[in-house]
Amino acid sequence: MASISERTFIAIKPDGVQRGLVGEIIRRFEQKGFKLVAMKLTHASEDLLREHYIDLKDRPFYAGLVQYMHSGPIVAMVWEGLNVIKTGRVMLGETNPMDSKPGTIRGDLCVQVGRNIIHGSDSVESPQKEISLWFKPAELIDYRSCAHVRIYERCRFP
Ligand code: IDP
Ligand code: MG
């Protein structure tokens, strides 16, 4: 069932950080109405990155992908909200920026698949695995957003 506390893992990749796109990407998720529950700037180890992309281990670009993701700091985030996994993917655009529509993050801000600036969980199961890989439970912050009652229909006014 759809839940307003659904969570997804979003990461701004090293090229997005180096190109100064952190603020622009966070702005889009904030302005949509999703709630930020965790965020950190981190230079991920190759072991973590290999595990993060383990499903792609047999693809020819796997080694290069791990190298790219290890090339600099990443902004790792958890965002929360109704349908955030699927909507987050729509906001990202297609894996290949060449197939991404204008208005999406990849459609507006990058050009090639191997430098596509952002990661977003791509199935219902993946956020749980990815969030626990990148964050300790105590790093996920529980708080009440004052905008909540203006974003969701069935919330009582305080
Ligand atoms: P996604 O990031 O849209 O979920 P995946 O298929 O899960 O796409 O691939 C993970 C990442 O691997 C992509 O975001 C991209 O950085 C990289 N990648 C995917 N396909 C290619 C390719 O054909 N060449 C180089 N890198 C690729
Ligand atoms: Mg994926």
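Criteria and thresholds
- Residues numbered from 1 in each chain as written.
- Chains lettered and ligands numbered in written order.
- Predicted model: local features only at pLDDT ≥ 70, side-chain atom pairs only at ≥ 80, totals over all residues.
- Heavy atoms only, no water.
- Helix = DSSP H or I, 4+ residues; strand = E, 2+ residues; numbered from the N terminus.
- Rg over C-alpha atoms; globule rule 2.2 N^0.38 Å.
- Buried < 20%, exposed > 50% of the residue type's maximum accessible area, 1.4 Å probe, protein only.
- Contact = heavy atoms within 4.5 Å.
- Areas by Shrake-Rupley, 256 points an atom, 1.4 Å probe, with all protein chains shown as cover.
- Lys, Arg positive; Asp, Glu negative; His and termini not counted.
- Charge placed at Lys NZ, Arg CZ, Asp CG, Glu CD.
- Arc of directions from axis to C-beta.
- UniProt positions renumbered as here; feature names shortened; annotations may be inferred.
- Near = heavy atom within 4 Å.
- Polar contact = N/O pair within 3.5 Å; in protein donor to acceptor, adjacent residues only side chain to side chain.
- Nonpolar A, V, L, I, M, F, W, Y, C, P; charged D, E, K, R; others polar.

A closer look at the overall build of the protein chain
Consideration 1: Scanning the protein chain from N- to C-terminus turns up eight helices and four strands.
Consideration 2: Relative to the compact-globule value of 15 Å for 158 residues, the protein chain shows a C-alpha radius of gyration of 16 Å, a close match.
Consideration 3: Taking the principal axes of its C-alpha atoms as reference, the protein chain extends roughly 50 × 35 × 30 Å.
Consideration 4: A burial count over the protein chain gives 44% of its 158 residues as buried.
Consideration 5: Residue pairs at least 24 apart in sequence account for 76% of intrachain contacts in the protein chain once pairs closer than 6 positions are excluded.
Consideration 6: Of the roughly 9,400 Å² of accessible surface on the protein chain, a fraction of 53% belongs to carbon and sulfur atoms.
Consideration 7: When the 22 positive and 19 negative side-chain charges of the protein chain are each reduced to one mean point, those points stand 5 Å apart.

Considerations on helix α2 (residues 22-32)
Consideration 1: Those residues of α2 that sit buried are I25, I26, R28 and F29. When α2 is viewed along its axis, its buried side chains cluster within an angular range of 150° and face the same direction. Set apart from the buried face of α2 by more than 90 degrees, the exposed residues are E30 and Q31.
Consideration 2: Of the surrounding secondary structure, the elements contacted by the buried residues of α2 are β1 (7-12), β2 (35-42), β3 (74-80), α5 (84-92), α6 (105-109) and β4 (118-120).
Consideration 3: With its phi angle positive at about 120°, G33 sits one or two positions after the end of α2.

Focus: the UniProt feature "domain: Nucleoside diphosphate kinase-like" (unreviewed entry) in the protein chain
Consideration 1: With numbering matched to this structure, UniProt assigns "domain: Nucleoside diphosphate kinase-like" (unreviewed entry) to residues 5-142.
Consideration 2: Here residues 5-142 runs as 39% helix and 17% strand, with 11 Å between its end C-alpha atoms.

Let's talk about the site of ligand 1
Consideration 1: Residues in close proximity to ligand 1 include K13, Y53, L56, F61, L65, R89, T95, R106, V113, G114, N116 and D122, which together make up its full environment.
Consideration 2: Within the side chain of R89, one N or O atom sits 2.8 Å away from an oxygen atom of ligand 1.
Consideration 3: Between ligand 1 and V113 there is a distance of 3.5 Å, counted from an oxygen atom to a backbone nitrogen or oxygen.
Consideration 4: Within the shell around ligand 1, the residues separate by chemical class into five nonpolar, three polar and four charged.

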